[in-house]
Amino acid sequence: MSREPISSKLQEGLYTKRFGRSIVLLRQVNSTNEVAKQLAMYGAAEGTFVVSEVQTNGYGRRGRRWFSPKGGLWLSVILRPRLKANDAARLVFVAGLAVVETLRELYNVAPETKWPNDILLDRRKVAGILSEMSTRNKKVRYVIIGIGINANIKVAQALPVELWKTATSLRDELGKKVELDRLFRSLVVRLEKIYDRFLEDGFDRTLRKWKKYASFIGQKVQATDAEEKVEGLAIDVDCEGALVIQLESGELKRVTSGDVSFIFS
Ligand code: BTN
C-alpha cells in the first residue's frame, strides 16, 4: 500500500460537518473497502474516507471483480449509524441517491438507479456501490460504503472487452475529462446531507427520491434471487428495499438480494 499525505486540495472548500474531515489518499491499494474496514476496526471516526487512484483488487457485490484503473474515482467511507443491521442495509440507497444527484448537478446528465446498487448512464453502468457491515448482537459496529465511479476512463481502452457493452464512463458519455477533486467534494457533501436526513427522518424520503430515477420500474426484468430466476414486471421497491416483481400469473414476488437485468423484446 503506497500512501500519499492527505491532500489539502481534496479538502479545500469541503464544508461538511463530519464527512471528509479525515481522508486517506492512496496511489495504489488492493481495495479501499479493505483499508476502510481496517481503519474502522481500529476506531476511525464516522465520515473517514479512503480514496485510491488505482485498486489492484477492487471488488463488487458477490465478490465480483471491479476493475479500477487510474482515472476512476474509487473510494470508501466509514459510517457508524446507530441502527439495527436491517435498517443499515438501506444505506446502499442513500449512497445511490447521492451519486445520482451529484452527477446530475455537475454534468447535467440523466443517470438512473438500477436495483439494488447500480447507477446507469445511457443504460450502461457508470457507477457501483458496495456496502459491507460489521455487527454485534444485531447492532451495527460500522458500515463501509464503497463507491466506484468510472470517471476519466475510456471503457474500450481501460476495461476488458466483456464489459464494453454494459459499462460506460463519464468521459465516454461527456466526451471530455471531469475534475476528480470536484466530483469527490460534491459527492461527499451530498452523501453527508442525504445520510443525515435518512438518520433523522427514516428511509421513506430517500427511497421516494431514489425511485424517481429508477427507470427499471415498469419494465420487464429478470431477477436472480439466490439460485432462483424470476421473470416479470418490476413494479416497485418496497419500504424494506426489496424489489417487487409481478409474475405473469399476477402473483407478486419480493426479491431481497440478487441481480436484475432488463428483458428487451
Ligand atoms: C458493484 O457494482 O458490485 C459494486 C462496485 C463497488 C466498487 C467500489 S470501488 C471502491 C470500493 N472498493 C472496492 O473494492 N469496491 C468498492
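Structure shown above.
Here the residue index of a chain counts from 1 through its sequence in written order. In keeping with the model being predicted, local features are shown solely for residues with a pLDDT of at least 70 and side-chain atom pairs are shown and tallied solely at 80 or more, while totals for entire chains, interfaces and linings include all residues. The basis for every side-chain value is the complete set of heavy atoms in the structure, and neither hydrogens nor water enter the calculation.

S.K.: I tried to follow the environment of Val237 on my own but got confused; where do I start?
M.R.: Tracing the backbone shows Val237 in strand β10 (residues 228–237). It only takes one pair of heavy atoms within 4.5 Å for two residues to be counted as in contact. Apart from residues no more than four positions distant in its own chain, Val237 is found in contact with Phe93, Trp115, Leu207, Trp210, Lys211, Phe216, Ile217, Ala242 and Leu243. A helix here means a DSSP run of H or I that spans at least four residues, while a strand means a run of E at least two residues long, and both kinds are numbered starting from the N terminus.

S.K.: Looking at this structure, how should I read the layout of surface pockets?
M.R.: Unoccupied space between atoms shows up once a probe the size of one water molecule is rolled over them. Here a cavity denotes grid points, spaced 1 Å and computed from the protein atoms alone, that fit a 1.4 Å probe unable to get out, and a pocket denotes an open set having protein on both sides within 12 Å along at least 5 of 7 lines; residues with an atom within 4 Å of a point are the lining. Grid points are joined across faces, edges and corners, and a volume is the space filled by probe spheres set on the points. Each pocket or cavity is described by its volume, and for the largest pocket that value is around 940 Å³. Taken together, 44 residues make up the lining of the largest pocket; nearest its centre are Arg64, Trp66, Asp118, Lys125 and Leu163. Sort the elements by how many residues they give to the lining of the largest pocket and strand β7 (residues 124–136) lands first, with five residues. Residue type decides the class: Asp, Glu, Lys and Arg count as charged, Ala, Val, Leu, Ile, Met, Phe, Trp, Tyr, Cys and Pro as nonpolar, and the leftover types, Gly among them, as polar. Taken together, the residues of the lining of the largest pocket break down into 17 nonpolar, 16 polar and 11 charged.

S.K.: Sorry, what's going on with empty space enclosed by the protein here?
M.R.: Under the criterion given, the structure shown has one cavity of 30 Å³ or more. What the largest cavity holds in volume is close to 40 Å³. As for the largest cavity, its lining consists of Phe19, Val77, Leu79, Leu91, Val94, Ala95, Ile145, Leu191 and Tyr195. Put simply, the parts of the chain that give the lining of the largest cavity at least two residues each are β4 (73–79), α4 (91–107) and α7 (180–201).

S.K.: Looking at this structure, how should I read the site of the ligand?
M.R.: If you check the shell around the ligand, you find 20 residues, and the closest are Ser31, Gln55, Tyr59, Arg61 and Lys125. Distance and chemistry together define a polar contact, namely a pair of N or O atoms within 3.5 Å, with one atom able to donate a hydrogen and the other to accept it when in protein, and with adjacent residues in sequence counting only for side-chain atoms on both sides. Note that a nitrogen atom of the ligand is positioned 2.8 Å from one of the side-chain N or O atoms of Gln55. Between the ligand and Asn117, the relevant distance is 3.5 Å, taken from an oxygen atom to a side-chain nitrogen or oxygen of the residue. To be clear on the numbers: accessible area is Shrake-Rupley with a 1.4 Å probe, and residue cover counts the displayed protein chains and nothing else. When the ligand sits alone it has 420 Å² of accessible area, and the protein chains cover 98% of it. Occupancy of a cavity or pocket is assigned to a molecule whenever over half of its atoms lie within 2 Å of that pocket's grid points. Given that more than half its atoms are within 2 Å of the pocket grid, the ligand belongs to the largest pocket. Of all the secondary structure elements, the ones that give two or more residues to the shell around the ligand are α2 (32–41), β4, β7 and β8 (139–149). Residue contributions to the shell around the ligand peak at four residues, all from β7. Distances are taken per atom, and a residue is near a molecule or strand as soon as one of its heavy atoms is within 4 Å of it.

S.K.: Would you mind going over α7 with me for this structure?
M.R.: What sets the pattern is the α-helix's 3.6 residues per turn: residues three or four places apart point alike. The length a helix should cover is 1.5 Å for every residue beyond the first. The first and last C-alpha atoms of α7 sit 31 Å apart over 22 residues, in line with the 32 Å expected at 1.5 Å per residue. Residue Gly202 follows α7 closely and has a positive phi angle near 95°.

S.K.: So what exactly am I meant to see when it comes to the packing of aromatic side chains here?
M.R.: Given two aromatic rings, one states the distance between the centres and the angle between the planes to describe the pair. To pair, rings of Phe, Tyr and Trp, with the six-membered ring standing in for Trp, must have centres within 6.5 Å; the planes then decide the type, stacked if under 30 degrees apart, edge-to-face if over 60, and tilted in the middle. On inspection of all chains with the given rule, the structure shows eight aromatic pairs. Both rings, one in Phe198 and one in Phe203, keep their centres 6.3 Å apart while their planes meet at 90°; by these two values the pair is edge-to-face. The pair formed by Phe198 and Phe203 is uniform in burial state, with each residue classed as buried. Joined through ring pairs, the aromatic side chains of Phe93, Phe198, Phe203, Trp210 and Phe216 make up one cluster. Under the scheme applied here, a residue whose accessible area is under 20% of the maximum for its type counts as buried, over 50% as exposed, and between as partly exposed, the area being computed with a 1.4 Å probe on protein chains only.

All we've got here are geometric facts, nothing functional implied.
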